[in-house]
Amino acid sequence: TLGAGYEAQSGFGVPASAAGPNMYDGTLKSLSEKNGYGFIVCDGTFSQYKRDVYVGQGDLPEGAKVGDLLRFEVSLNNKNHPKAAKVSILSSA
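Residues numbered from 1 in each chain as written. Predicted model: local features only at pLDDT ≥ 70, side-chain atom pairs only at ≥ 80, totals over all residues. Heavy atoms only, no water.

Novice: Please explain the overall build of the protein chain as it appears in this structure.
Specialist: Secondary structure summary: the protein chain contains two helices and five strands in total. Listing the helices and strands of the protein chain from first to last along the sequence gives α-β-β-α-β-β-β. Out of the 93 residues in the protein chain, the part that is buried amounts to 32%. For the protein chain, the share of sequence-separated contacts (at least 6 apart) that also reach a separation of at least 24 residues comes to 53%. Carbon and sulfur atoms make up 49% of the accessible area of the protein chain, which totals about 5300 Å². (Helix = DSSP H or I, 4+ residues; strand = E, 2+ residues; numbered from the N terminus. Buried < 20%, exposed > 50% of the residue type's maximum accessible area, 1.4 Å probe, protein only. Contact = heavy atoms within 4.5 Å. Areas by Shrake-Rupley, 256 points an atom, 1.4 Å probe, with all protein chains shown as cover.)

Novice: Just checking my understanding: could you explain the packing of aromatic side chains for this structure?
Specialist: How two aromatic rings sit relative to each other is set out by the distance from centre to centre and by the angle between their planes. The tally for this structure, following the rule as stated, stands at four aromatic pairs. With centroids separated by 5.8 Å and ring planes inclined at 85 degrees, the aromatic side chains of Tyr 37 and Phe 39 adopt a geometry described as edge-to-face. With relative accessibility at 30%, the residue Tyr 37 sits in the partly exposed group. (Phe/Tyr/Trp six-rings, centres within 6.5 Å; stacked < 30°, edge-to-face > 60°.)

Novice: Quick question: what am I supposed to make of unusual backbone geometry here?
Specialist: Non-glycine residue Lys 50 carries a positive phi angle of around 60 degrees. Along the chain, Lys 50 falls in the loop between helix H2 (43-49) and strand E3 (53-56).

Novice: Got a minute to help me understand the nonpolar core in this structure?
Specialist: Looking at soluble globular proteins, one finds that nonpolar side chains tend to be buried together. Ranked by size, the top nonpolar core spans 13 residues in total, and within it Ile 40, Val 55, Leu 60, Phe 72, Ala 84 and Val 87 carry the most contacts. Sort the elements by how many residues they give to this core and strand E4 (residues 69-76) lands first, with three residues. (Core = buried A, V, L, I, M, F, W, Y, C linked by side-chain atoms within 4.5 Å.)

Novice: Explanation requested: the environment of Gln 48 in the structure shown.
Specialist: Structurally, Gln 48 is set in helix H2. A sequence separation of 34 residues divides Gln 48 from Pro 82, and the C-alpha atoms of the two residues are 9.4 Å apart.

Novice: What is the right way to read the side chain of Thr 45 from this model?
Specialist: Among the secondary structure elements, Thr 45 is positioned in helix H2. Beyond its immediate chain neighbours, meaning those up to four positions away, Thr 45 contacts Tyr 24, Lys 50, Val 53, Phe 72 and Val 74.

Novice: Looking at this model, I keep getting lost on the pairing of strand E2 (residues 37-41). Mind explaining?
Specialist: Side-chain direction in a regular strand flips from residue to residue, so the side chains alternate between the two faces of the sheet. In this sheet, E2 lies alongside strand E1 (residues 23-32) in antiparallel orientation, the contact comprising five bridges. By the bridge assignment for E2, Thr 27 is matched with Val 41. Two strands pair when backbone bridges link them, and E2 and E3 are joined in this way by four bridges, in the antiparallel orientation. Bridging across to E3, Gly 38 finds its partner in Val 55. (Pairing = 2+ DSSP bridges.)

Structure follows, in structure tokens:
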């Protein structure tokens, strides 16, 4: 993870309440085209799940890149880990 200092400074990761109860804003932290997935850093989800949010490459909008601010919905996978869906780009890095 990037650590508490980064997350606190980012100003992102708060629930996007206007967009819906399970929608959050966070920053695409990593993306591996080789493995087909990445992670979103989000203070709001980290406080609940104590981990970054998994995002499959197929769930990312075309052109998404590390550092982009994203809005996403959270669901839990079969291990009860947070997984992003309905991902959109709010602003590019």
